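Architecture and fold: a report
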Amino acid sequence: MLIKEIIDKLALEGNCTKEELLYLLDNIADEEKEYLWEKADEVRRKNYDNKVYIRGLIEFTNYCKRDCVYCGIRRSNKKACRYRLTEEEILSCVEAGDKLGYKTFVLQGGEDPYFTDERLEKIIKKIKRKFPQNAITLSIGERTFESYKRLYDAGADRFLLRHETACRELYAELHPGATYENRVKCIEDLKKIGYQVGAGFMVGIPGQTNEDLVKDLIFLKSLQPHMVGIGPFIPHVDTPLGQCQGGAAEKTIIMLALTRLLLPKALLPATTALGSIDKLGREKGIKAGANVVMPNLSPNSVREKYALYNGKLSSGDEAAECRRDIERKINAIGFEIEVGRGDSKV
Ligand code: 5AD
C-alpha cells in the first residue's frame, strides 16, 4: 500500500491497522510528510477551525518523590534547586493569568507529598471561588482514586497524566519502582471520575522503536482521551540519560499529525519541549494539527528551576506575560487565539 493511501484512509476513517502505521513510520519520505501535515491540518480545521487555545501553566513545585530516569527533577538529582510556591503565590499567578486572558490554569508539579489532598482542595476551592468560570487542570502525577475524586469534587476540571510510553518493558526501565499497569489505572480512574483527561508520550526516548510508537498510537485510539501531550525527549545532564541523544522535532511532528488523524477532536498542545529544540517547533506543530499552547505563568524567580530537561524555554513566547507576542506569531501563520475555557469537543 502506498503511504499516501494510508494517510488518506486515516484522514477519512480516523483509523488504520497497526501494520499500516508501522509501515508509514518506517518508510515515510519528505514529500509524504508534507502530505501528512496537510491532512492533519485539514482534519483539525474541520473540528476546531483555525482556533488555538491558550492555557496558563503554573509549575508550583519541583519536589518529586519519583525517580524517572529522564527527568531533571527526579528525586536522585541532588543538584536540582528545589522550590514550592505558597498558596498566596499560586493565587497571585492565577490572578495575573486571568488578567492576561488565560481562562484555564494548569497546576503542574512533581509528586510532592507536601501537597496533600487537604492543601490542594483548599487551593482549588479558592481559585474556583474567585474565578468560577475558569477551568483548572491538574498535572500532579499518580494518586489514589479517592484523592483524584476529592480534588475533582473540590472543583478541578481536567487532569494531565501522560502515559509516557505504551511499551510495558520500556516503561519499567524508565520509571524505577513504578508500573505501566498503575499508570493506566490512574488514567482510567480519572476518566471514570469525570475529568477531561490528557495522556501523552515522549518521542525519541532511548530504547524506543517505531513499534513502540505504534503502541502509543493504538493505546491513545482506544483510550480516547480529551487531550494528548506529545514532546521530544530532551536530555538533562544530571540524569542517567544525560549523555543520550534527544528526540527529533520532525518525528515529534509526525506523531502529532498521526494523533490528530486518529483522534480528530483531541486537544493537542504544541509543547514547550518541541519549541525548545526547534525555534519554529511550535509553529510547525500547529500547522501539523496541534491546537493548544501553554505559556508559563509561574513567577519569574522559579522558572529556571523547573528544569525537566536542559534548554527548556521559559521566556519569550513561552512566557504567559508575552501574550501579545504569542498571539502575533500565531496570527502570522494564519491561526487565531481563542479566549475562553476551550473545553474539549470529545
Ligand atoms: N525531556 C522531555 N520531556 C520530559 N518530561 C520530563 N522529563 C523530560 C525530558 N527530559 C515530560 C514528561 C512529563 C512532562 C511533564 O514532561 O513526559 O510527563
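This section reports on the structure supplied with the text. Quick caveat: nothing in here was measured; it's all calculated off a predicted structure. (Residues numbered from 1 in each chain as written. Predicted model: local features only at pLDDT ≥ 70, side-chain atom pairs only at ≥ 80, totals over all residues. Heavy atoms only, no water.)

**Some thoughts on the overall build of the chain**
For the chain, the helix and strand inventory stands at 14 helices and nine strands. Taking 2.2 N^0.38 as the reference for a compact globule, 346 residues should give roughly 20 Å; the C-alpha atoms of the chain span a radius of gyration of 19 Å, in line with that estimate. With the C-alpha coordinates of the chain rotated into their principal frame, the extents come out at 55 × 40 × 35 Å. For the chain, with 346 residues in total, the buried portion stands at 61%. Looking at the chain alone, contacts between residues at least 24 apart form 75% of all its contacts between residues at least 6 apart. When the accessible surface of the chain is totalled, it reaches about 14200 Å², and 51% of it is carbon and sulfur. Each charge sign in the chain was given a centre, from 55 positive and 52 negative side chains, and these centres are 5 Å apart. (Helix = DSSP H or I, 4+ residues; strand = E, 2+ residues; numbered from the N terminus. Rg over C-alpha atoms; globule rule 2.2 N^0.38 Å. Buried < 20%, exposed > 50% of the residue type's maximum accessible area, 1.4 Å probe, protein only. Contact = heavy atoms within 4.5 Å. Areas by Shrake-Rupley, 256 points an atom, 1.4 Å probe, with all protein chains shown as cover. Lys, Arg positive; Asp, Glu negative; His and termini not counted. Charge placed at Lys NZ, Arg CZ, Asp CG, Glu CD.)

**Quick notes on the sheet that holds strand 1 (residues 51-54)**
Strand order in this open sheet of three strands is 8-1-9, and the pairing throughout is parallel. Where the open sheet ends on each side, the last strands, each with one partner, are strand 8 (292-293) and strand 9 (336-338). Of the pairings in the sheet, the one linking strand 1 to strand 8 comprises two bridges and is parallel in character. Within strand 8, the position partnered with Tyr-53 by the bridge is Val-292. Sitting on the sheet, helix 14 (residues 323-332) touches strand 1, strand 8 and strand 9, and the angle it makes with strand 9 is about 130°. (Pairing = 2+ DSSP bridges. Axes fitted to C-alpha atoms, helices over the stretch in contact; angles between N-to-C directions.)

**Notes on the site of the ligand**
If you check the shell around the ligand, you find Tyr-70, Cys-71, Gln-108, Arg-162, Glu-164, Met-202, Pro-232, Phe-233, Ile-234, Leu-308 and Tyr-309 and nothing else. For the ligand, a nitrogen atom lies 2.9 Å from a polar atom in the backbone of Tyr-70. Here a nitrogen atom of the ligand sits 3.4 Å away from a polar atom, N or O, in the main chain of Leu-308. For the ligand, whose accessible area on its own is 400 Å², the fraction buried by protein is 87%. Taken atom by atom, the bulk of the ligand overlaps the largest cavity. Taken together, the residues that form the shell around the ligand break down as eight nonpolar, one polar and two charged. (Near = heavy atom within 4 Å. Polar contact = N/O pair within 3.5 Å; in protein donor to acceptor, adjacent residues only side chain to side chain. 1 Å grid on protein atoms, 1.4 Å probe; cavity = no way out; pocket = protein on both sides within 12 Å on 5 of 7 lines; lining within 4 Å. Sits in = over half its atoms within 2 Å of the grid points. Nonpolar A, V, L, I, M, F, W, Y, C, P; charged D, E, K, R; others polar.)

**A word on the environment of Gln-245**
Tracing the backbone shows Gln-245 in the loop between strand 7 (227-232) and helix 10 (249-262). Judged by its relative accessible area of 69%, Gln-245 is exposed. Along the primary structure Gln-245 and Gly-204 are separated by 41 residues, whereas in three dimensions their C-alpha atoms are 8.1 Å apart.

**Notes on the sheet that holds strand 6 (residues 196-203)**
One open sheet holds the six strands; their spatial order is 2-3-4-5-6-7, and the pairing between them is parallel. Among the strands making up the open sheet, the edge pair consists of strand 2 (56-61) and strand 7. With direction set aside, neighbouring strand axes in the sheet form an average angle of 20°. In this structure, strand 4 (residues 135-139) lies alongside strand 5 (residues 158-160), joined through two bridges in parallel fashion. Note on strand 5: the bridge partner recorded for Leu-138 is Phe-159. Its contacts with the sheet put helix 9 (residues 210-223) on strand 6 and strand 7, and the angle it makes with strand 6 is roughly 175°.

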